[in-house]
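Summary of the model geometry
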Amino acid sequence: MKVLAIESTCDETAAAVVENCGAGVKILNNVVASSVLMHQKYGGIVPEVAAREQIKSIIPVITEALGEDKDSIDGIAVSFGPGLMGSLLVGVESAKALAWAWKKPLYAVNHMGAHILANWIVESMTAKVPEFPAVGLVVSGGHTDIVLMTSVKDWKWIGGTRDDAVGEAFDKAARLLGLPYPGGPEISKAVERVTDAMKERYGKKYKLPRPLLNEDNLDMSFSGLKAAVAKTVIELGEIDEETRDMLAWEFSEAIIEILVKKTMMAVEKNKPKCVLMAGGVAANKQLRENLRIEVEKIDGVKFFCPELKYCGDNAAMVGAVAIIAPQEVKPTELKPDPSVTTV
Ligand code: KG4
Ligand code: ZN
């Protein structure tokens, strides 16, 4: 089955053509247009601007993803939420129109579920896909959730943030440090600039808190950590580049320590066969590496994380859901749902 998938929940307009491949999903074409540069000057996403950019990009992006494939498409998939209403409307209405005009089935996809099912994207028929039960860690601009999966359609939320999402915390801390939006990749770049000599020179000077780290539950909290960065920046007055990079490094260390510890607590309690990480923040190299190392210490537990290009928002993951866990809907019944919680 070949599916055209559309993603427009936030500031990326994306379309992909995917098909089933063994137990997974193969990506035939994957196109992403981002309005991130337009949001940089405001220091964050402006919903009105994002929606207008979605309208400009949607037809060129779908056309490019389709290439010569139009006549062989068997169905259309679209993210219907969670996300920004104005942005969601563009993708959902485009998908409905195509499904209606081409008389093809329409598949409704939850964006968060799509992030996790990006772990089913493969390159060959024999590639291994995750097994159940699985513990999932979804880390993005809007989510920090730990879920227990017993099948591709059965999930239970078992833990997560009490306040800010981890991507949001990265973005806000970066802004406090004078780094551009989106903050996650900028903080990663700052971390790479930190040398051993700098670590030695600064020692524990900029130690930040690890909220809820030692509580015996899967709750997380990032707003206090962000506030601690704000307090340090205010106290220091002006900060030079080295201090800024050291603060970014300590912030990143704190976040990664919390995410790894809480995920491993979930692993300890639920004895899964796999740990699946997903979402924009899953592109963080140090987080990928640290979590992989901890998971692989446990016999029989495998670690999965999508390739970098399938971590941030993309349509390939949306197509993956339509193939692996399809949920067909009538075009007349599908509406965007900015705050959908069910996967
Ligand atoms: O999944 P995503 O593309 O969009 C949402 O659904 O929210 O995630 C975007 C988030 C942003 O907050 C961005 O700063 C963060 O992912 N991000 C990162 C990295 N790359 C992107 N956070 C930490 N480290 C990174 N390397
Ligand atoms: Zn996302």
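Each value, and the rule that gives it
Residues numbered from 1 in each chain as written. Chains lettered and ligands numbered in written order. Predicted model: local features only at pLDDT ≥ 70, side-chain atom pairs only at ≥ 80, totals over all residues. Heavy atoms only, no water. Donors = N, O, S within 2.8 Å, 3.2 Å for Na, K, Ca; no water. Helix = DSSP H or I, 4+ residues; strand = E, 2+ residues; numbered from the N terminus. Buried < 20%, exposed > 50% of the residue type's maximum accessible area, 1.4 Å probe, protein only. Contact = heavy atoms within 4.5 Å. Axes fitted to C-alpha atoms, helices over the stretch in contact; angles between N-to-C directions. Parallel < 35°, antiparallel > 145°, perpendicular 65-115°, else oblique. Left-handed = near helix turned anticlockwise from the far one by under 90°. Nonpolar A, V, L, I, M, F, W, Y, C, P; charged D, E, K, R; others polar. Pairing = 2+ DSSP bridges. Domains from an automatic or database assignment. Buried area = accessible area lost by both parts, 1.4 Å probe. Salt bridge = Lys/Arg side-chain N within 4 Å of Asp/Glu carboxyl O. Polar contact = N/O pair within 3.5 Å; in protein donor to acceptor, adjacent residues only side chain to side chain.

**Description of the coordination of the zinc ion (ligand 2)**
Every protein donor of the zinc ion (ligand 2) is accounted for by H111 (NE2), H115 (NE2) and D313 (OD), and the metal-donor separations fall at 2.0 to 2.1 Å. Read N to C, the donor residues that coordinate the zinc ion (ligand 2) are spaced as H-x3-H-x197-D. Taken as a pair, H115 in helix 4 (residues 111–117) and D313 in the loop between strand 11 (302–304) and helix 11 (316–324) lie far apart in primary sequence, 198 residues in all. On the basis of relative accessible area, H115 is assigned to the buried category, the value being 1%. The buried category is assigned to D313, whose relative accessible area is 18%.

**A closer look at the environment of P82**
Looking at the secondary structure, you find P82 in the loop between strand 4 (75–81) and helix 3 (85–102). Here P82 falls in the buried class, since its relative accessible area comes to 12%. In the structure, P82 is positioned 72 residues away from C10 in sequence and 9.2 Å away in space, judged by C-alpha atoms. Setting aside residues no more than four positions away along its own chain, P82 makes contact with T9, L88, N110, H111, M112, H143, D337, P338, S339 and V340.

**Thoughts on the packing of helix 8 (residues 223–236) against helix 9 (residues 241–270)**
Axis separation between helix 8 and helix 9 bottoms out at 11 Å; the angle between their running directions is 165 degrees. Relative to helix 9, the element helix 8 lies roughly antiparallel. Seen along the crossing, helix 8 lies across helix 9 with a hand that is right-handed. On the side of helix 8, the interface is formed by L225, V229, T232, V233 and L236, while helix 9 contributes T243, L247, F251, A254, I255 and I258. Taken together, the residues of the contact of helix 8 with helix 9 break down into nine nonpolar, two polar and no charged.

**Section: the sheet that holds strand 9 (residues 219–220)**
Spatially, 9-8-7-6-10-11 is the arrangement adopted by the six strands of the open sheet, whose pairing is mixed. Single-partner strands in this sheet number two, and they are strand 9 and strand 11. With two bridges connecting them, strand 8 (residues 155–161) and strand 9 associate as parallel partners. Residue T161 lies in a different strand from strand 9, and its bridge partner there is M220. Packing against the sheet, helix 10 (residues 285–296) makes contact with strand 6 (134–139), strand 10 (274–278) and strand 11, and its axis sits at approximately 160 degrees to strand 11.

**Focus on the pairing of strand 1 (residues 2–7)**
Successive side chains on a regular strand alternate, one facing one side of the sheet and the next facing the other. Burial runs high along strand 1: six of the six residues are buried. Side chains of strand 1 alternate between two faces, with K2, L4 and I6 and V3, A5 and E7 buried alike. Taking the residues that link successive antiparallel strands as the turn, the strand 1-strand 2 (residues 12–21) hairpin has four residues. Examined bridge by bridge, strand 1 and strand 4 share four bridges and lie parallel to one another.

**With respect to the domain arrangement of the protein chain**
Entries for the protein chain in the domain assignment read domain 1 (2–121 + 308–329) and domain 2 (134–304). Averaged C-alpha coordinates put domain 1 and domain 2 at centres separated by 27 Å. In this assembly, 22 residues from domain 1 lie in contact with 21 residues from domain 2. Where domain 1 abuts domain 2, roughly 1,700 Å² becomes buried across the two surfaces, and 72% of that area is made up of carbon and sulfur atoms. Summed over the shared surface of domain 1 and domain 2, the number is zero salt bridges. Where domain 1 packs against domain 2, one counts three residue pairs in polar contact (both at pLDDT 80 or more). Sorting the residues of the side of domain 1 that touches domain 2 by element identifies helix 1 (36–40) and helix 4 as the ones contributing at least two each. The greatest single-element share of the side of domain 1 that touches domain 2, amounting to five residues, is contributed by helix 4. The residue inventory of the side of domain 1 that touches domain 2, partitioned by class, reads 13 nonpolar, eight polar and one charged.

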